[in-house]
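Here are the chains, one letter per residue:
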Amino acid sequence: MLTELERAMLVAPAKTCVVQDGALVLIDRARWPRSAIGPTIRENRLYTVNAQIAADPAGRQIRASPSGQRPVRASSPPPVTTRDRVRGSDNDAVFGAAVPANTGRPFLDERCLPMSGGEPRSADAVVVVPGIMGSELVEAESGRVLWGLRDPGWYVSAWTSGRSLKDLAVTEDERAGRYERVRATRLLTFAAFAPVLGGFEPYRRLSRTMVADLFHPAAVLEFAYDWRLPVDHNAHLLANAAQRHLAAWRRHPACDETLRRRAVDGDVRLVLVAHSMGGLVTRKACADAGFAGLVRKVVTLGTPFFGAPKAVLMMGSGRGFPLPRARLRSLARALPGVYDLLPGYRCVRDGIGARRLTVPDVTSIGGDADLAAEAFSRRATIPDRRLPGHTQVVGAFQPTVQAVTIEAGQATGHRYTILPPDGGAGRTADLGGDGTVPRESAESPGPGAVPLAQSHGALAASEDAMVVVRDTLDGLRSGPWQGASELGLDAPDVIAAGRPFTVEITGAGRTGRASCSVFDAGTGLRVATPVPRPGGEALMGEVESLPPGLFWIQADGGGRSQVRRMVMSFDPAVGDPDGGGE
């Protein structure tokens, strides 16, 4: 079967540029057979074709230089190499490209070419804002990575031993506002995991979608931030960084070319695309009317506008839970950012009805009274104002904790929402969510939300979400979609290595057909294929056992996107796994 690139080679002119999965390839049909085109580049974060790339006259090795500099020719090229992989800064990273041999000249001039091979969808400057635990954190003094490592085994070790987590806890100096100890360097480039919250897909696909749909990668900023700290602090940093980015993009030659190609005026503004906590950071930044005036559109993906009961479980899941959850509980109680995620709606079961979470509730489960009071106070200052041009995407149909009971210093989660009493005891209803954020919490007042059947950690990397983001850039309204999936996937977040566990799939429809696969998060290899079988109103699949590590469970009901969620398998000798929280 021909790849997309190979098909393009058959119909392309004698020489043309083709973009595939973040790689720019110059095709010369007279010189290059299909077999000569190597695999595409997959790990660079941002790319630009505003660069000169040259081939050495005597060989095939290529070199590239940022725009404005002369191309550098290879001095002693290897005889067979046809690609050169280049890493650069956010705005100067360049493509490796297949170049016809012996041309001896650049094939790209200083013009800025559309990254998607077509017209740019927008002339605006785009900022990608990740969610909690979505930015790599490093120790400022040593450069040691504290969060966001490539090795999945690090997360297994960290959540069971706790040795690697202590440096993530906020210190007294940091609580006093001295934030120099830790730096956020970039968005996640590899999958990460936290008990209760589950796994987090890296943001490479979201960033690449932005780059591919715009005219030049200089229009895209990845805003990394220290998610341990208060939302207000990060909102201030976001506003400053976004304004600098907008000013730089307005000055960039590619901005003028974009405006010319789109035949629009010079009203270049910001588009903010935010996942999870990133939406709270964005909302706070937009509370400033001056900054909001610079923003044309906001896309939020699974943002807990009214908080998430799972933040309560992170702090007080009770005794008897596995060590990974115990490690999380200790860490969460020391992070101001987690307190900003505490639910603000009536979700605490109280007799026949429900009430809002209070500071005494938080302290009763071991939380910090001052951090809780400060978070509640910050929330009260958020103005009741709609986000500019807001498109909200919410995860739906996944089993989700929507309410809690707090008794004897322990918090227990419930997969239902407590409705107002109707002449008697409070009614309950399962309104679902993305497995972390209840659907009702992710829907802020304003335009209707776009529901997607997806888990919280995988939402920002799903194909359905990419469609919504592209539609937003085009000025279109996404959904509702005919035949949209309502598939739900349930599995424990922490399992014992070598022991079987059950996966539950709901919403398979009339056919009751769905497939299930298990993938190693480190290698991407399929390691198990449990067969879903009818089990009441759901399909049940049995996974025999997994070794220690991180694994993606994937359910496919035939829709555009497969539903994915991560589990962590750890050595049972370290602690006994417990589904808990229900």
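Q: Explain the sheet that holds strand β7 (residues 145-147) here, please?
A: Sheet strands line up and pair through hydrogen bonds in the backbone, either parallel or antiparallel. Strand order in the open sheet made by the three strands is β7-β6-β8, with antiparallel pairing throughout. The open sheet has two free edges, formed respectively by β7 and β8 (182-187), since each of these has just one partner strand. Taken over all neighbouring pairs, the strand axes of this sheet differ in orientation by 40° on average, direction set aside.

Q: Just to check I follow, could you spell out the packing of aromatic side chains for this structure?
A: The description of two aromatic rings rests on the distance between their centres and on the angle between their planes. In the structure shown here, the tally under the stated rule is six aromatic pairs. A centroid spacing of 5.1 Å and a plane angle of 80° characterise the contact between Trp147 and Tyr155, whose relative ring orientation is edge-to-face. For the pair shown, Trp147 and Tyr155 are each scored as buried. A network of ring pairs unites the aromatic residues Trp147, Trp154, Tyr155, Trp159 and Trp227 as a single cluster. The ring of Trp552 carries the charged tip of Arg564 above its face, separated from the ring centre by 4.6 Å.

Q: I keep staring at unusual backbone geometry and nothing clicks. Help me out?
A: Note: most residues except glycine have negative phi, and most peptide bonds are trans. The phi dihedral of Val196 falls on the positive side, at around 70°, and the residue is not glycine. Secondary-structure assignment places Val196 in the loop between β9 (192-194) and β10 (198-200). Residue classification places Val196 among the buried positions, given a relative accessible area of 6%. For Phe397, which is not glycine, the phi dihedral falls at a positive 70°. Among the secondary structure elements, Phe397 is positioned in the loop between β16 (390-396) and β17 (403-407). Given the relative accessible area of 29%, Phe397 is considered partly exposed.

Q: Before we go on, may I ask you to explain the pairing of strand β12 (residues 270-275) in this structure?
A: Remark: a regular strand shows side chains that alternate across the two faces of the sheet. Of all six residues that make up β12, six are buried, and the element is covered over most of its length. Bridge analysis of strand β5 (residues 125-129) against β12 gives five bridges, and the strand direction is parallel. For Val127, the partnering residue across the bridge sits in β12 and is Leu272. Bridge count between β12 and strand β13 (residues 295-301): six bridges; the pairing is parallel. Each bridged residue has a counterpart across the sheet, and for Leu270 the counterpart in β13 is Val295.

Q: Is there a simple way to explain the pattern of salt bridges in this structure?
A: Should their charged atoms come close, side chains of opposite charge can pair. Counted under the stated rule, the structure contains 26 salt bridges. For Glu463, the salt bridge goes to Arg205, with nearest N and O atoms at 2.2 Å. Taken together, the residues span a long stretch of sequence, with Glu463 in helix α16 (residues 463-473) and Arg205 in helix α4 (residues 204-213) at a distance of 258 residues. Taking the relative accessible area as the measure of exposure, Arg205 reaches 36% and is therefore partly exposed. Note that Asp340 is salt-bridged to Arg378, the shortest N-O span being 2.9 Å. Of the two residues, Asp340 sits in the loop between α11 (336-339) and β14 (348-350) while Arg378 sits in helix α13 (residues 369-380), which places them 38 residues apart along the sequence. We note that Asp340, like Arg378, is buried. Where salt bridges share partners, they join Arg121, Arg205, Asp213, Glu463, Arg470 and Asp474 into one cluster.

Q: Whenever I open this one, the side chain of Lys297 confuses me. Can you help?
A: On the secondary structure map, Lys297 appears in strand β13. Buried within the structure, Lys297 lacks any salt-bridge partner; its nearest side chain of opposite charge belongs to Asp124, at an N-O separation of 5.9 Å. Polar side-chain contacts of Lys297 include one of 2.5 Å to the backbone oxygen of Thr472. The residues contacting Lys297, other than those within four sequence positions of it, are Leu270, Val271, Leu272, Pro388, Gly389, Thr472, Leu473 and Gly475.

Q: Could you clarify how one ought to interpret helix α6 (residues 253-262) in this entry?
A: Along an α-helix, residues three or four positions apart point the same way, because every turn accommodates 3.6 residues. Listing the buried residues of α6 in full gives Ala254, Cys255, Thr258 and Leu259. Axial view of α6: buried residues confined to an arc of 140°, hence all on one face. Away from its buried face by more than 90 degrees, α6 exposes Pro253 and Arg260. On the buried face of α6, the contacting elements are α5 (231-251). Once α6 finishes, Ala263 follows within two positions and takes phi at roughly 55°, a positive value.

Q: Can you walk me through helix α2 (residues 152-161) in this structure?
A: Within α2, seven of the ten residues are buried, which leaves the element mostly enclosed by the surrounding structure. Taken together, the buried positions of α2 are Pro152, Trp154, Tyr155, Val156, Ala158, Trp159 and Thr160. If you check the start of α2, you find a side-chain oxygen 2.9 Å away from the backbone N of Gly153, and it comes from Asp151. Just beyond α2, the residue with positive phi is Gly162, at close to 80°.

Q: What is the right way to read the environment of Leu272 from this model?
A: Structurally, Leu272 can be placed in strand β12. Leu272 sits 147 residues away from Ala125 along the chain, and the two C-alpha atoms are 8.6 Å apart. Those residues in contact with Leu272 that sit more than four places away from it in its chain are Val127, Thr282, Cys286, Phe291, Val295, Lys297, Val298 and Val299.

Q: How should I be thinking about the environment of Arg333 in this particular structure?
A: Within the fold, Arg333 resides in the loop between α10 (323-332) and α11. Once residues within four sequence positions are removed from consideration, Arg333 is found in contact with Met315, Gly316, Tyr339, Ile365, Gly366, Gly367, Asp368 and Leu371.

Q: Which parts of the structure should I look at to understand the sheet that holds strand β22 (residues 488-490)?
A: Strand order in the open sheet formed by four strands is β22-β24-β28-β27, and the pairing between neighbours is antiparallel. Lying at the two open borders of the sheet, with one neighbouring strand each, are β22 and β27 (533-535). Taken over all neighbouring pairs, the strand axes of this sheet differ in orientation by 35° on average, direction set aside. Of the pairings in the sheet, the one linking β22 to strand β24 (residues 501-506) comprises three bridges and is antiparallel in character. When the bridges of β24 are listed, Gly488 appears paired with Thr506.

Q: Looking at this structure, I do not really get the environment of Ala235. What am I missing?
A: Relative to the helices and strands, Ala235 resides in helix α5. With near-sequence residues (within four places) excluded, Ala235 lies in contact with Val281, Lys284 and Ala285.

Q: Would you explain the packing of α5 against helix α7 (residues 277-285) in this entry?
A: Working note: a packed helix pair is described by the angle between its axes plus the distance between those axes. Viewed as axis vectors pointing N to C, α5 and α7 meet at an angle of 70°, and their least axial separation amounts to 8 Å. Here α5 lies roughly perpendicular to α7, going by the angle between them. Relative to α7, the crossing made by α5 is right-handed. Taken together, the residues of α7 that come into contact with α5 (itself represented by Val231, Asp232, Asn234, Ala235, Leu238 and Ala239) are Met277, Leu280, Val281, Thr282, Lys284 and Ala285. For the contact of α5 with α7, the per-class residue count stands at eight nonpolar, two polar and two charged.

The rules we used
Residues numbered from 1 in each chain as written. Predicted model: local features only at pLDDT ≥ 70, side-chain atom pairs only at ≥ 80, totals over all residues. Heavy atoms only, no water. Pairing = 2+ DSSP bridges. Helix = DSSP H or I, 4+ residues; strand = E, 2+ residues; numbered from the N terminus. Axes fitted to C-alpha atoms, helices over the stretch in contact; angles between N-to-C directions. Phe/Tyr/Trp six-rings, centres within 6.5 Å; stacked < 30°, edge-to-face > 60°. Buried < 20%, exposed > 50% of the residue type's maximum accessible area, 1.4 Å probe, protein only. Lys NZ or Arg CZ within 6 Å of the ring centre and 35° of its normal. Salt bridge = Lys/Arg side-chain N within 4 Å of Asp/Glu carboxyl O. Lys, Arg positive; Asp, Glu negative; His and termini not counted. Polar contact = N/O pair within 3.5 Å; in protein donor to acceptor, adjacent residues only side chain to side chain. Contact = heavy atoms within 4.5 Å. Arc of directions from axis to C-beta. Parallel < 35°, antiparallel > 145°, perpendicular 65-115°, else oblique. Left-handed = near helix turned anticlockwise from the far one by under 90°. Nonpolar A, V, L, I, M, F, W, Y, C, P; charged D, E, K, R; others polar.

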